[in-house]
Amino acid sequence: MRQHFPRPTRTTFLGFAVAALALVALFSGCRKEDYLYDATLSSPSNVIRFSCERNWPYPLYSSFQAVAEANNTTFELSFDGNEGWRAIFADDITVIPKAAFVRHTDLLSITLPNSVVTIGDSALANTGITSFAFPLGVTRVPAYMFQYCVDLTDVILPEGIVEIDLAAFEYCHRLSHVNIPGSLRTIGDQAFKYCSALPNMNIPVGVEIIGSSTFMCCTTLTHVNIPASVQSLGGHMFDGCSALKSVSVPNSISRIPDAMFSDCVALESIFIPNSVEVIEKNAFRNCSTLSQLFIPGSVDTIDSWAFQDCVGLTSAVIGNGVKLIGYDSFGGCSNLELVSCYCLNAPQLYYAAFNDISPRAVLHILPGAQGYDDDFATGYSWSSYFRGGVVSDL
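What comes next concerns the included structure.

The rules we used
Residues numbered from 1 in each chain as written. Predicted model: local features only at pLDDT ≥ 70, side-chain atom pairs only at ≥ 80, totals over all residues. Heavy atoms only, no water. Helix = DSSP H or I, 4+ residues; strand = E, 2+ residues; numbered from the N terminus. Buried < 20%, exposed > 50% of the residue type's maximum accessible area, 1.4 Å probe, protein only. Phe/Tyr/Trp six-rings, centres within 6.5 Å; stacked < 30°, edge-to-face > 60°. Salt bridge = Lys/Arg side-chain N within 4 Å of Asp/Glu carboxyl O. Pairing = 2+ DSSP bridges. Contact = heavy atoms within 4.5 Å. Axes fitted to C-alpha atoms, helices over the stretch in contact; angles between N-to-C directions. Core = buried A, V, L, I, M, F, W, Y, C linked by side-chain atoms within 4.5 Å.

**A few points about the overall build of the protein chain**
What the protein chain contains, in helices and strands, is three helices and 29 strands. Sorting the 394 residues of the protein chain into buried and exposed places 51% on the buried side.

Next comes the structure, spelled out in structure tokens:
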């Protein structure tokens, strides 16, 4: 049953208080049942539902009233047994203010009309809603919009949404489906961080920017498609996605960012396109299932810890453009036995670059290649790591 509230007056509040006290006195013995009463707040049509076991949620009412007053409109609330509150706004509302209903955990659902064009940051953060459909006029999912909405399972983003802002869905542990429209251009930092029930993500063509830690610790995420329209990827993007098996990296990307795939322990293979020039620190650290690796000739830098502790890695091909391999880049790759390097001049090695690889590891190089026996400033040469020998047979 819905409850309808017009803009209150002092008389309205006084009348409501008197009615509520009378009802408490009259039904003080009630336990689980809810009763419907005409509170006659300002006209016979204004009806509230009063629960014998639950106090009227003054903070929730105040939040809705503030939004209604800001828009010169009305709203309705209904109480669903002892489960929580549901809300519907009138058709002429245009703005939902910042933090409008934040921390109202007993708010189960809210219906906004298509007249709404602006929703403020954190508007529904830490509420009890389970699903949400955006009004058609909204173009941005605000920062922290659904942060800590731990019961949210399904969200529909209409065509016209161009941005998902900072931490919009962070810690939505039960979120399993998000409809991403083709109009989307930007996915902000931490947008889906700790969405641990999200199984896959199809990012549409047209998205240009994906921020840092966007899918961090999405522990059920198995497949992601990144379209060629993407020009920028943030660090730690899939860090801790322990179920991730495959990702398509587009040839529009020039860098594999810091810790992008760190601790993706189920990642079986990765295709690095020939547009990539730098593999940054920790990019594939502890990808323990990754067994083979091909680094294209476009790459000139493999930064520190890039493939550290990839214990499943058995073979690696290093393209002819690499000039520097950073500290501990392949350290701890204990089963790495075969490395083929196509560089005529040996890339510079930082300290411990191939530390603790297989004692049987063999390095294959081009005939006439130079510098593989030379000690770098760190005191280590290529040949010192490959105790199985260096063979000029590529």
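**Description of the packing of aromatic side chains**
In total, this model carries 24 aromatic pairs according to the counting rule given. Where Phe192 meets Phe215, the ring centres are 5.6 Å apart and the plane angle is 5°; that geometry is what we call stacked. Of this pair, Phe192 sits in the loop between strand 14 (186-187) and strand 15 (200-202) while Phe215 sits in the loop between strand 16 (209-210) and strand 17 (223-225); the two residues are 23 residues apart in sequence, bridging distant segments of the chain. Judged on exposure class, the residue Phe192 and its partner Phe215 are both buried.

**Let's talk about the pattern of salt bridges**
Pairing is possible between side chains that carry opposite charge, provided their charged atoms lie close to one another. Taken as a whole and assessed by the stated rule, the structure comprises five salt bridges. A salt bridge links Asp151 to Arg174, with the shortest nitrogen-to-oxygen separation between them at 2.9 Å. Note that Asp151 is positioned in the loop between strand 10 (140-141) and strand 11 (154-156) and Arg174 in the loop between strand 12 (163-164) and strand 13 (177-179), a separation of 23 residues in sequence. Here Glu280 ties to Arg255 by a salt bridge, and the two come within 2.6 Å at their closest N and O atoms. On the criterion of sequence distance, the pair formed by Glu280 in the loop between strand 21 (278-279) and strand 22 (292-295) and Arg255 in strand 20 (residues 255-256) is long-range, its members being 25 residues apart. On the basis of relative accessible area, Glu280 is assigned to the buried category, the value being 18%. Owing to a relative accessible area of 42%, Arg255 belongs among the partly exposed residues under this scheme. Salt bridges here are not isolated pairs; linked through shared partners, they connect Asp121, Arg140 and Asp165.

**Re the sheet that holds strand 10**
In space, the five strands of this open sheet follow the order 10-12-14-16-18, with parallel pairing throughout. At either end of the open sheet lies a strand with only one pairing partner, and these are strand 10 and strand 18 (232-233). Of the strand pairs in this sheet, strand 14 and strand 16 are connected by two bridges, and their pairing is parallel. Following the sheet pairing, Thr186 is matched in strand 16 by Ile209.

**Looking at the pairing of strand 22**
Side-chain alternation along strand 22 places Leu293 and Ile295 on a buried face and Gln292 and Phe294 on a face that remains uncovered. Pairing geometry for strand 22 and strand 24 (residues 315-318), over four bridges, is parallel. For Phe294, the partnering residue across the bridge sits in strand 24 and is Val317.

**Re the environment of Ser340**
Locating Ser340 in the fold gives a position in strand 26 (residues 338-341). In this structure Ser340 comes out as buried when scored by relative accessible area, which is 11%. Sequence separation of Ser340 and Val317 is 23 residues, and the distance between their C-alpha atoms is 4.8 Å. With sequence-adjacent residues up to four places away left out, Ser340 is seen in contact with Ala316, Val317, Ile318, His364 and Leu394.

**Regarding the pairing of strand 24**
Bridge analysis of strand 24 against strand 26 gives four bridges, and the strand direction is parallel. Pairing of Ile318 across the sheet is with Cys341, part of strand 26.

**Focus on the sheet that holds strand 28 (residues 362-365)**
In space, the five strands of this open sheet follow the order 22-24-26-28-29, with parallel pairing throughout. Looking at which strands have only one partner, the edges of the open sheet turn out to be strand 22 and strand 29 (390-392). With direction set aside, neighbouring strand axes in the sheet form an average angle of 15°. Where strand 26 and strand 28 come together, four bridges link them in parallel fashion.

**Remarks on the nonpolar core**
Judged by nonpolar contacts, the single largest core of 110 residues is most densely connected at Phe146, Phe169, Phe192, Phe238, Phe261 and Phe354. Broken down by element, the residue count for this core peaks at five residues, all from helix 2 (residues 58-71). Apart from the residues lying within four places of it in its own chain, the contact partners of Phe146 are Leu124, Ala125, Ile129, Phe132, Phe134, Val141, Leu152, Ala168, Phe169, Glu170 and Cys172.

**Points about unusual backbone geometry**
If you check the backbone angles, Gln190 has positive phi at about 60° while not being a glycine. Along the chain, Gln190 falls in the loop between strand 14 and strand 15. Given a relative accessible area of 24%, Gln190 falls into the partly exposed group. If you check the backbone angles, Asp309 has positive phi at about 60° while not being a glycine. Mapped onto the elements of the fold, Asp309 is located in the loop between strand 23 (301-302) and strand 24.

**A word on the side chain of His364**
Tracing the backbone shows His364 in strand 28. When its relative accessible area of 16% is taken as the criterion, His364 is described as buried. If near-sequence neighbours (up to four positions away) are discounted, His364 is found in contact with Leu338, Val339, Ser340, Cys341, Val391, Asp393 and Leu394.

**A few points about the environment of Leu157**
Looking at the element boundaries, Leu157 is found in the loop between strand 11 and strand 12. By relative accessible area, which is 1% here, Leu157 ends up buried. Put simply, Leu157 and Arg140 are 17 residues apart on the chain and 9.5 Å apart in space, counted from C-alpha to C-alpha. The contacts of Leu157, once residues within four sequence positions are left out, are Phe134, Val141, Ile164, Val178, Asn179, Ile180 and Pro181.

The values are spatial; any link to function lies outside them.
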